[in-house]
Amino acid sequence: KLYPVIVLVFFSIGILVDRVVLVLTEGNANTSLQLATVSLIAGVSLELGRIFSGEKRATREEYDREGDLIQEFEAFAEKRLIAGGNCHRREVVG
């Protein structure tokens, strides 16, 4: 719904910035391309940093899946684990 509008807005801004850089550099297209490449590398680096640091929020689907996994483990633990007892890994996994 909103995605095509956002793509159009950012695409338009990109074209505008490209034209402004071309005018400021007196028509030197290489400078514009270099600036675009450096900006792309910087943007990818920042986004990867957000993802790996955990700063980027999980989607609703990921959040729901995590909740399901917790509930499945709690059900498993109630059935298979005995409080206060000792067990070996083979007894739990098997």
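Heads up: the structure comes first, above all this text.
Residues numbered from 1 in each chain as written. Predicted model: local features only at pLDDT ≥ 70, side-chain atom pairs only at ≥ 80, totals over all residues. Heavy atoms only, no water.

Engineer: Please explain the packing of aromatic side chains as it appears in this structure.
Structural biologist: What the rule picks out here adds up to 1 aromatic pair. Ring geometry for Phe73 against Phe76: centres 6.1 Å apart, planes inclined by 40°, an arrangement best described as tilted. Separated by 3 residues within a single helix, Phe73 and Phe76 lie in helix H3 (residues 60–80), roughly one turn from each other. Judged by relative accessible area, Phe76 falls into the partly exposed class, the value being 26%. (Phe/Tyr/Trp six-rings, centres within 6.5 Å; stacked < 30°, edge-to-face > 60°. Helix = DSSP H or I, 4+ residues; strand = E, 2+ residues; numbered from the N terminus. Buried < 20%, exposed > 50% of the residue type's maximum accessible area, 1.4 Å probe, protein only.)

Engineer: Would you take a moment to explain a nonpolar patch on the surface for this structure?
Structural biologist: A cluster of nonpolar side chains, namely Leu2, Val5, Ile6, Val9, Phe10, Ile13 and Val17, defines an oily patch on the protein surface of about 630 Å² accessible area. Position of Val17 among the secondary structure elements: in helix H1 (residues 3–24). (Patch = residues over 30% accessible without salt bridge, like charges linked within 9 Å, V, L, I, M, F, W, Y side chains within 5 Å. Areas by Shrake-Rupley, 256 points an atom, 1.4 Å probe, with all protein chains shown as cover. Salt bridge = Lys/Arg side-chain N within 4 Å of Asp/Glu carboxyl O.)

Engineer: Would you explain the pattern of salt bridges in this entry?
Structural biologist: Any two side chains of opposite charge can pair, given that their charged atoms come close. This model, assessed by the stated rule, comprises 3 salt bridges. Residue Arg50 pairs with Glu47 through a salt bridge whose shortest N-O separation is 3.1 Å. Residue Arg50 and its partner Glu47 are both found in helix H2 (residues 29–53); the two are separated by 3 residues, about one turn of the helix. The class for Glu47 is partly exposed, based on a relative accessible area of 27%.

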